[in-house]
Amino acid sequence: MNLHDLWFVLIAVLWIGYFFLEGFDFGIGVLTKLLARDRTEKRVLINTIGPVWDGNEVWLLSAVGATFAAFPEWYATLLSGFYLPILLIVGCLIVRGVAFEYRHKRPEDRWQTNWEHAIFWTSLTIAFLWGVAFANIVRGVKIDSAMEYTGTLADLVNVYSLLGGLVTLTLFTFHGAVFASLKTVGDIRDRARQLATRLGAVTAVLVLVFLIWTQTMRGDGTSLAAMAVAVLALVGALGANLAGREGWSFALSGITIAAAFAMLFLALFPNVMPSSLDEAWNLTVTNAASSPYTLKLMTWCAAIATPVVLLYQGWTYWVFRKRIGTQHIADSH
Amino acid sequence: MELALAPETLARWQFGITTVYHFLFVPLTISLAALTAGLQTAWVRTEKEKYLKATKFWGKLFLINIAMGVVTGIVQEFQFGMNWSDYSRFVGDIFGAPLAFEALIAFFFESTFIGLWIFGWDKLPKKIHLACIWMVSIGTVLSAYFILAANSWMQHPVGYRINEERGRAELTDFWLVLTQNTALTQFFHTITAAFLVGGAFMVGIAAFHLARKKHIPVMRTSLRLGLITLIIAGLGTAISGDLLGKVMFKQQPMKMAAAEALWDGEAPAPFSVFAYGDVEEGHNKVAIEIPGLLSFLANDDFSSFVPGINDVNKAEQEKYGPGDYRPNIPVAYWSFRWMIGFGMASVAVGVLGLWLTRKKFLLPARLRTGEDEVPHLVLYKKPLSPRFAKWYWMLALWTMCFPLIATSWGWIFTEMGRQPWVVYGVLRTQDAVSPGVSQGEVLTSMIGFTLLYAVLAVIEVRLLVKYVKAGPPELTESDLNPPTKIGGDDKNADRPMAFSY
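Quantities reported herein were computed from a predicted structural model and do not represent experimental measurements. Every chain's residues receive numbers from 1 upward, in the order its sequence appears when written. Note on labels: chains are lettered from A, ligands numbered from 1, in written order. For a predicted model such as this one, the threshold for reporting local features is a pLDDT of at least 70, and the threshold for listing and counting side-chain atom pairs is 80 or more; totals across whole chains, interfaces and linings nevertheless cover every residue. Water and hydrogen atoms play no part in the side-chain values, which are based on all heavy atoms of the structure.

A. Structural view of the overall build of chain B. Helix and strand counts for chain B come out as 16 helices and six strands. Each residue gets one of three labels from its accessible area relative to the maximum for its type: buried under 20%, exposed over 50%, partly exposed in between, using a 1.4 Å probe on protein chains only. Counting only residues that meet the buried cut, chain B has 58% of its 501 residues in that class. We call two residues contacting when some pair of their heavy atoms lies within 4.5 Å. For chain B, restricting intrachain contacts to residue pairs at least 6 apart in sequence, the fraction spanning at least 24 positions comes to 77%. Residue exposure ignores everything except the shown protein chains as possible cover, and the areas themselves are Shrake-Rupley values with a 1.4 Å probe. Accessible surface, chain B: about 20,400 Å² in total, of which carbon and sulfur atoms supply 65%. Between the centroid of the 44 positive side chains of chain B and the centroid of its 41 negative side chains there is a distance of 16 Å. Each helix corresponds to a stretch of at least 4 residues labelled H or I by DSSP, and each strand to a stretch of at least 2 residues labelled E; elements are numbered beginning at the N terminus. Only four residue types enter the charge count, namely Lys and Arg as positive and Asp and Glu as negative; His and the chain termini do not. Positions of charges follow a simple convention, taking NZ of Lys, CZ of Arg, CG of Asp or CD of Glu.

In structure tokens form, the structure reads like this:
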């Protein structure tokens, strides 16, 4: 396997890790309005991701940093081309991070309500926009011979990309609902399961339509296989949720996300950002890649660092493995 | 007007605003992580409650601060691609690697263990919980190292070759990028400056409480820790600054000539204390100078030749073709002086404070707390008048801002002194911007970030003030009886969490 092919895989893995992990914490953010009945329940939800959301977000920073290093042309074209959506995502990430940390730091009702709105809206917006962005990447955008994006903001808004946005939004929210039922006790746990069932049904329809559309547009044998895994895992997640097997349900909703994004990356390969103007102007794993020396260096770094990261992040989940409920939330704020 | 709003100008302003803003939180995060870890270590070793209270107090201020540091750091990683796409294409092969290393090695570390530390008070045994804050501290320092190595490469590119066919720079020796003297001295200088910021922060806040005679045991410990940090860091900053200056005199002669407003080379060259120059005509109208000092700073001897702005400009024109290779001279000149001036002022306050609190004095019986003797400056009339004491506490409080002003101007100097280059001698700033990004887009993001940052600054400062005024928390039952097993003790399964959002 070529180094640039390997790095395409590794970047896909980083994105998939990001969506698997931060997927459920975006979902939890959205659920603070859909599921929680009062402030204490909101806090139960927020605290299920409290110790881990920050670590989850680093998967994004690693994915973007690795893209910069391994495929500088991809990084440059994507971020300068999708300027305003990226700006909105970054702005939301800022507000969202601050909202988690600051919401509980003052007792005033208005202060807390404002930050709760912020958590909901930023989680929802980012979850939606990542879907829009990835759908556009797969579909192809107006890239010229100099690898510059020549389209406008309006070009990024189309039925396929909006559907992509809805898919990530609903899928992450479903994943979050399953996570909530896995991590809470009491009444909120039961309601999380019921909500997951309803969300899951909507999600399944959207995911199916989007993946079939993607398959007909750019698919091949491998992407079809990934699509099959995604669909089966989603059905399994729904079934496990109905059966009350929360751990299984969460693992399977995670696999759905992983397989769906794997499918998008497989559909892309060997392109990283196809041009809708002329196929000769596609950004590919070869013309967007860094030099073999840099890629080799990065490979060593990833080979050593990634297992260690997985080990201590896994340990974090184990330390905080206990379910929490309203009784664990002190009254003070 | 059109020129003022050119995408390049706007992108530079945006980079300047977001970077200086980000760097208000970074040094405080680096130093407070280590200082909090030190205090928690003292608690684990001695079991004295004042250390635990101090850990909780400074830890809380640290968390308010790191939240902002982390989120503003995200912007940095994205804006190279957004506003500087041609830069990213040209140097991604080299510049991207330390960024990716930072995320994979340092940032994961920091972010994961900070979660464990915040929520781990009732989930982790004492020593493991302590190890978590040390991990955070190590993560922040490693993070700084990779970022500074990347920045140093822009100041002094090494270990690369130009690939004409691909039209970009390619890495040939990563080890050299990580270990070149620019990177090492800049790292040394930045880390010591970070502790200057943290030391002054601690001194200022401790002074605030001591002036009111509140929380004396905790604040006395904090004051002394802060003062000692301030002085050691001050010494380190001065030494590293001198080393970095010598490196820059060799690698970026224009930057240092501009920092001195030295128009024409001299031997021996004087150090300029104050100058009022005329950029167009290339000479100074007013100048106050210390003879020979600049030669010493540049070359370690008092009589050597130091090239001036005009000399370097001519040399660079011969080397890189026609053009103006001078940075903004007044900015370079004054930022250099503000950096040194405010840095030194904060150390002076530290030295004064340590001397004023140097020995235990007689204390009124009601204020004796055994080991926690209070600095006599606070409480006792002799030998210092209360008015002087009050004056010193006020000064100490204001000193909190000094190193922050110094570090901000330090970065402005480093980055603006390098212009018109973005990578010194290799890539001009004007060739680095995103060609496909419109003026409106850059303007939107610049205004967006500036407004968002302004609002967050108000929120942050008000929160800090609130928590500073509240002082150290009272300790609870669960604080004093940490769990003995990982995941928390089962008998407390239904007890409210020690910390929750």
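B. Broad picture of the interface of chain A and chain B. Contacts between the two partners involve 78 residues from chain A, matched on the other side by 81 residues from chain B. Buried area is a sum: the accessible area each of two parts loses on coming together, probed at 1.4 Å, counted once for each and added. Summed over both sides, the interface of chain A with chain B buries roughly 7,000 Å², with 69% coming from carbon and sulfur. One salt bridge connects B:Arg89 with A:Glu73, and the closest N-O pair in it is separated by 2.9 Å. Nitrogen and oxygen atoms within 3.5 Å of one another constitute a polar contact, given that in protein one can donate a hydrogen and the other can accept it, and given that sequence-neighbouring residues count only through two side-chain atoms. Across the chain A-chain B interface, the total number found is 28 residue pairs in polar contact (both at pLDDT 80 or more). Secondary-structure elements contributing two or more residues to the side of chain A that touches chain B are helix H2 (39-49), helix H3 (53-70), helix H4 (72-81), helix H5 (83-102), helix H6 (109-139) and helix H11 (292-319) of chain A. Note on definitions: salt bridges are taken to be side-chain nitrogens of Lys or Arg within 4 Å of carboxyl oxygens of Asp or Glu.

C. Representation of the layout of surface pockets in the model. Residues and elements named next belong to chain B. Looking at the largest pocket, its volume works out to about 1,200 Å³. Forming the boundary of the largest pocket are 49 residues, of which Lys56, Met497, Ala498, Phe499 and Ser500 lie nearest the centre. Sorting the residues of the lining of the largest pocket by element identifies helix H2 (49-83), helix H3 (85-119), helix H15 (439-470) and helix H16 (477-480) as the ones contributing at least two each. Per-element tally for the lining of the largest pocket: the top contributor is H2, with seven residues. Using protein atoms alone on a 1 Å grid, points that fit a 1.4 Å probe yet trap it form a cavity, whereas open point sets bounded by protein on both sides within 12 Å along at least five of seven lines form a pocket; residues with an atom within 4 Å of a point count as lining. Grid points are joined across faces, edges and corners, and a volume is the space filled by probe spheres set on the points.

D. A look at the pairing of strand E2 (residues 168-171) of chain B. Residue and element names in this part refer to chain B. Residue alternation in E2 divides its side chains into two sets, Arg168 and Glu170 and Ala169 and Leu171, and both sets are buried. Being paired, for any two strands, means DSSP has found at least two bridges between them. Strand direction decides the pairing type here: strand E1 (residues 160-163) and E2, joined by four bridges, are antiparallel. Residue pairing in the sheet places Asn163 in a bridge with Arg168 of E2. What sits between E1 and E2 in their antiparallel hairpin is a turn of four residues, with Gly167 showing a positive phi close to 65°.

E. The UniProt feature "transmembrane region" (unreviewed entry) in chain A, seen in detail. Residues and elements named next belong to chain A. The sites that carry the UniProt feature "transmembrane region" (unreviewed entry) are, in the present numbering, residues 6-36, 82-99, 119-139, 159-183, 195-213, 225-243, 250-269 and 297-320. The span residues 6-36 is 94% helix and 0% strand, and its two end C-alpha atoms sit 43 Å from each other. The straight-line gap between the two end C-alpha atoms of residues 250-269 is 29 Å; of that span, 95% is helix and 0% is strand. UniProt positions are given in the numbering used here, feature names are shortened, and annotations may be inferred rather than shown by experiment.

F. Just the packing of aromatic side chains, in detail. Residue and element names in this part refer to chain B. Only rings of Phe, Tyr and Trp enter the pairing, Trp through its six-membered ring, and a pair is recorded when the two centres are within 6.5 Å. The plane angle decides the type: under 30 degrees is stacked, over 60 is edge-to-face, the rest tilted. Under the counting rule described, the total for this entry stands at 69 aromatic pairs over all chains. Between the aromatic rings of Phe296 and Phe302, the centroid separation amounts to 4.6 Å while the plane-to-plane angle is 10°, which identifies the pairing as stacked. It is Lys56 that lies over the ring of Trp121; its NZ or CZ is 4.2 Å from the centre. We count a charge as sitting over a ring when the NZ of a lysine or the CZ of an arginine lies within 6 Å of the ring centre and within 35 degrees of the ring normal. The ring of Phe413 carries the charged tip of Lys255 above its face, separated from the ring centre by 5.8 Å.

G. Examining the nonpolar core more closely. We call a set of buried residues a nonpolar core when its members are Ala, Val, Leu, Ile, Met, Phe, Trp, Tyr or Cys and they connect through side-chain atoms within 4.5 Å of each other. Core analysis: the biggest nonpolar cluster contains 242 residues, and A:Trp15, A:Trp130 and B:Tyr87 have the highest contact counts within it. With residues near it in sequence (within four places) discarded, B:Tyr87 still touches B:Phe80, B:Gly92, B:Phe95, B:Met154, B:Val422, B:Val423, B:Leu427 and B:Ala432. By size, the runner-up hydrophobic cluster in this structure holds 25 residues, among which are B:Leu244, B:Tyr325, B:Ala332 and B:Phe336.

H. Broad picture of empty space enclosed by the protein. Residue and element names in this part refer to chain B. Counted under the stated rule, the structure contains seven cavities of 30 Å³ or more. In this model, the largest cavity occupies a volume close to 740 Å³. The dominant element in the lining of the largest cavity, judged by the number of residues it contributes, is H2, at eight residues. For the lining of the largest cavity, a count of residues per class yields 17 nonpolar, ten polar and four charged. Each residue is assigned to one class: nonpolar for Ala, Val, Leu, Ile, Met, Phe, Trp, Tyr, Cys and Pro, charged for Asp, Glu, Lys and Arg, and polar for all the others, Gly among them.

I. Seen up close, helix H10 (residues 309-320) of chain B. All names here are of chain B. Over its twelve residues, H10 runs 16 Å from end to end, which matches the ideal 16 Å to within 8%, given 1.5 Å per residue. Within H10, the full set of buried residues consists of Ile309, Val312, Asn313 and Glu316. The arc enclosing the buried residues of H10, seen along the axis, measures out at 100°, which places them on a common side. Turned more than 90 degrees from where H10 packs its buried face, Lys314 and Glu318 sit exposed. Here the buried face of H10 lies against helix H8 (253-260), helix H11 (329-356) and strand E5 (421-423). Looking one or two residues beyond H10, the residue adopting positive phi is Gly321, at roughly 95°. The span one expects for a helix is its residue count, reduced by one, times 1.5 Å. Arc definition: it is the arc formed by the directions from the helix axis to the C-beta atoms.

J. Main features of H8(B). Residues and elements named next belong to chain B. Within H8, seven of the eight residues are buried, which leaves it mostly tucked inside the rest of the structure. Looking at H8, one finds that the buried residues are Met254, Lys255, Met256, Ala257, Ala258, Ala259 and Glu260. One or two steps after H8, the chain reaches Ala261, where phi turns positive at roughly 50°.

K. Broad picture of the packing of helix H7 (residues 159-183) of chain A against helix H8 (residues 187-218) of chain A. All names here are of chain A. Between N-to-C directions, angles span 0 to 180 degrees; the directions come from axes that are lines fitted to C-alpha atoms, helices contributing only their stretch in contact. Between H7 and H8, the least distance of the axes is 8 Å, while the angle of their chain directions is 150°. In terms of axis orientation, H7 runs roughly antiparallel to H8. Here H7 runs over H8; the crossing is left-handed. Broken down by class, the residue content of the contact of H7 with H8 amounts to 19 nonpolar, seven polar and two charged. Roughly parallel covers angles under 35 degrees, roughly antiparallel covers those over 145, roughly perpendicular covers 65 to 115, and oblique covers all other angles. Helix crossings fall into two classes, left-handed where the near helix is turned counterclockwise from the far one by less than a right angle and right-handed where it is turned clockwise.

L. A look at the domain arrangement of chain B. Residue and element names in this part refer to chain B. What the domain assignment lists for chain B is domain 1 (2-249 + 327-480) and domain 2 (253-325). Where each domain starts and ends follows an automatic or database-derived domain assignment. Computed from C-alpha coordinates alone, the two centres of domain 1 and domain 2 are separated by 31 Å. Across the contact, 24 residues belong to domain 1 and 26 residues belong to domain 2. Both sides of the domain 1 and domain 2 interface together cover about 2,200 Å² of buried area, and 65% of this is carbon and sulfur. Contact with domain 2 buries surface across domain 1, with Phe249, Ile329 and Tyr333 losing the most and accounting together for 32% of the total. In this structure, the connection of domain 1 to domain 2 is made through one salt bridge. With a closest N to O distance of 3.2 Å, Glu260 and Arg337 form a salt bridge. Taken together, the connections running from domain 1 to domain 2 amount to eight residue pairs in polar contact (both at pLDDT 80 or more). When residues of the side of domain 1 that touches domain 2 are traced back to their parent elements, those giving at least two are helix H7 (216-251), H11 and helix H14 (401-416). Broken down by element, the side of domain 1 that touches domain 2 gets its largest block of residues, seven residues, from H11.

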